[in-house]
Amino acid sequence: MADEMNSEVKRKWHQRLVITLWVLIVPPTAWAVHFLFSYLWAAISCAKTGSFASVPWLYVAGSVLALVVIALSGWLGWKQSRTPGDPPPHEESTEIDRLRFLATATLLLAALSFVGVVFTALPVVFLRQCT
């Protein structure tokens, strides 16, 4: 009995997390922090060595971390947007409708932020000279 309850709690941990406005801003914030990190990394690399590093491990780690945070937020949004509720049209605002709206907005912002981080990281792959 206790094992069933523990497995039920472990299986539905993502359902206990409720998408709020704070979760909604996580993907664009991760994108903005990665954007700032990219400019700082390029400025410091060019100032110290005059070129980008051939294998920028710190930059790759920062980019992967940003993508993981964004992907996790998108996954939570996707899971929460699948919450069953009233069928459309949504003429009355209910808790479930608000949750699904925020979850869908989080999912879309996560997709946009994921593409933004990838496009911000691509110049490091193709550019080698700072000038």
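Refer to the structure printed above.
Residues numbered from 1 in each chain as written. Predicted model: local features only at pLDDT ≥ 70, side-chain atom pairs only at ≥ 80, totals over all residues. Heavy atoms only, no water.

Asker: For this particular structure, what's the right way to read a nonpolar patch on the surface?
Answerer: There is a patch of nonpolar side chains on the surface, built from Phe114, Val115, Val118, Phe119, Leu122, Val125, Phe126 and Leu127 and spanning about 740 Å² of accessible area. What makes Val115 partly exposed here is its relative accessible area of 43%. (Patch = residues over 30% accessible without salt bridge, like charges linked within 9 Å, V, L, I, M, F, W, Y side chains within 5 Å. Areas by Shrake-Rupley, 256 points an atom, 1.4 Å probe, with all protein chains shown as cover. Salt bridge = Lys/Arg side-chain N within 4 Å of Asp/Glu carboxyl O. Buried < 20%, exposed > 50% of the residue type's maximum accessible area, 1.4 Å probe, protein only.)

Asker: How should I be thinking about the environment of Trp78 in this particular structure?
Answerer: Relative to the helices and strands, Trp78 is located in helix H5 (residues 57-81). In this structure the C-alpha to C-alpha distance between Trp78 and Leu107, which are 29 residues apart in sequence, comes to 5.9 Å. (Helix = DSSP H or I, 4+ residues; strand = E, 2+ residues; numbered from the N terminus.)

Asker: Would you mind showing me how to read the environment of Ser38 here?
Answerer: Here Ser38 shows up in helix H4 (residues 26-49). Discounting chain neighbours no more than four positions away, the residues touching Ser38 are Tyr59 and Thr120. (Contact = heavy atoms within 4.5 Å.)

Asker: I tried to follow the nonpolar core on my own but got confused; where do I start?
Answerer: Generally speaking, soluble globular proteins have nonpolar side chains that are buried together. Ile19, Leu24, Leu76, Leu99, Leu102, Ala103 and Ala105 form the largest nonpolar core, which has seven residues in total. Here the element with the most residues in this core is helix H6 (residues 95-126); it accounts for four residues. Here Leu99 is in contact with Val18, Ile19, Gln80 and Thr83, once residues within four sequence places are set aside. (Core = buried A, V, L, I, M, F, W, Y, C linked by side-chain atoms within 4.5 Å.)

Asker: When you look at the layout of surface pockets in this model, what are you seeing that I'm missing?
Answerer: Over the atoms rolls a probe the size of a water molecule, and its path tells where empty space is left. The calculated volume of the largest pocket comes to roughly 190 Å³. Its residues placed into classes, the lining of the largest pocket shows nine nonpolar, two polar and no charged. (1 Å grid on protein atoms, 1.4 Å probe; cavity = no way out; pocket = protein on both sides within 12 Å on 5 of 7 lines; lining within 4 Å. Points joined across faces, edges and corners; volume = space filled by probe spheres on them. Nonpolar A, V, L, I, M, F, W, Y, C, P; charged D, E, K, R; others polar.)

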